[in-house]
Amino acid sequence: MSGEQRDGVALTNLDQPLFDGAGATKRDLVDYLDAVRDRIVPELRGRPLSVVRVLRGQDPFMQKNLPKYTPDWVRTTRVWAERSRREITYALCDDRRTLLWLANQRAVEYHVTLGLDGRLDRPTHLVLDLDPPEGAGFSSVVGAARLVRQALADDGLTGVVKTSGAKGLHVFVPVDAHADDVAAATRALAARAERLDPELATTAFVLEERHGKVFLDSTRAHGATVAAAYSPRVRPGTTVSFPVAWDDLDSVSPRDFTVRTAVDLLDGQDPWAARMPAPQSLPDDLVAEGHTIPVARVQAMHEGKRRARERRT
């Protein structure tokens, strides 16, 4: 059994494969996260954390509630979950030691809230998640990201972009606003990007209504989480959510960035922090338009009920 200690954390079974198709061992995961700790910990710090763990012989699972055997030095916070009607104890990954402990738990993915602990009603970022249709190349989602960038620029806003670590892209816009207005602005931004090229992009929440277009997901708001910059993903090759300059989007692929390649590509830099603009105020017209647009999930739920009634009659 391979093992060692770092920062007081016992690391075990380091030579085991992470998962089928990972192309990486648990040691690769630990070494990567340790190498990027000064970049990823600032993205995780102070935010209730959900992780995707992959235990040997099991399917990946999302863990929000910390297990009872969590060391007492791991900082935690309790958040009321409306859907399950209970309090959930989340980790706050504020330091290297906690990151290493999570990595040893085979936590591969790191998903954070948009707001800080105790201030979840004040998201620090507006986020659009761009998801390409099945079978489409990465160029389609790059085109959709440029629509979002144009919609932002049209209202005097700037954002940064990173690969999701899966097939898509995340556009982040630092903001200073209440959650309701951020959620509204996210819906309006998606709608405006869709209007710029409705043949390429869609805001349709229901899969069957997307018709092979890139989905502009505006539901990353309120209690939603998003894969943090530099987070690995449970994907072939153990890809990483990686910052990309707008001008470089045409020359990259999400598969370029893995736990084995990302550290060398960073070359000692922190492009996510370096490119991130200062928090911006949301334009009144964007917020006002967004408040006229129904929440996608709620709209889809009502539409599903309407269709069910039609089938019954």
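Residues numbered from 1 in each chain as written. Predicted model: local features only at pLDDT ≥ 70, side-chain atom pairs only at ≥ 80, totals over all residues. Heavy atoms only, no water.

## Examining the overall build of the protein chain
Here is step 1 of the chain: A count of helices and strands for the protein chain gives nine helices and 14 strands.
Here is step 2 of the chain: The C-alpha atoms of the protein chain give a radius of gyration of 20 Å, which matches the 20 Å a tight globule of 313 residues would have.
Here is step 3 of the chain: For the protein chain, the C-alpha atoms occupy an extent of roughly 60 × 45 × 40 Å along the three principal directions.
Here is step 4 of the chain: Among the 313 residues that make up the protein chain, the fraction classed as buried is 54%.
Here is step 5 of the chain: Taking contacts inside the protein chain between residues at least 6 apart in sequence as the whole, the part at least 24 apart equals 71%.
Here is step 6 of the chain: Positive and negative side-chain charges of the protein chain, numbering 43 and 44 respectively, have mean locations separated by a distance of 6 Å. (Helix = DSSP H or I, 4+ residues; strand = E, 2+ residues; numbered from the N terminus. Rg over C-alpha atoms; globule rule 2.2 N^0.38 Å. Buried < 20%, exposed > 50% of the residue type's maximum accessible area, 1.4 Å probe, protein only. Contact = heavy atoms within 4.5 Å. Lys, Arg positive; Asp, Glu negative; His and termini not counted. Charge placed at Lys NZ, Arg CZ, Asp CG, Glu CD.)

## Some words on the pairing of strand β8 (residues 125-131)
Here is step 1 of the chain: The buried fraction of β8 is high, at six of seven residues.
Here is step 2 of the chain: Relative to strand β12 (residues 214-217), β8 runs antiparallel, the two being bridged by three bridges. By the bridge assignment, Leu130 is partnered in β12 with Leu216. (Pairing = 2+ DSSP bridges.)

## Examining the pattern of salt bridges
Here is step 1 of the chain: A complete count under the given rule lists 22 salt bridges for this structure.
Here is step 2 of the chain: What emerges from the salt-bridge pattern is a single network uniting Glu4, Arg6, Asp15, Arg27, Asp31, Asp34, Arg37 and Arg96. (Salt bridge = Lys/Arg side-chain N within 4 Å of Asp/Glu carboxyl O.)

## Thoughts on the layout of surface pockets
Here is step 1 of the chain: A volume near 490 Å³ is recorded for the second largest pocket.
Here is step 2 of the chain: As for the second largest pocket, its lining consists of 25 residues, and the residues nearest its centre are Asp129, Asp131, Ala166, Arg220 and Arg235.
Here is step 3 of the chain: Going through the elements one at a time, β8, β12 and β13 (225-227) are the ones with two or more residues in the lining of the second largest pocket.
Here is step 4 of the chain: Considered class by class, the residues forming the lining of the second largest pocket number nine nonpolar, six polar and 10 charged. (1 Å grid on protein atoms, 1.4 Å probe; cavity = no way out; pocket = protein on both sides within 12 Å on 5 of 7 lines; lining within 4 Å. Points joined across faces, edges and corners; volume = space filled by probe spheres on them. Nonpolar A, V, L, I, M, F, W, Y, C, P; charged D, E, K, R; others polar.)

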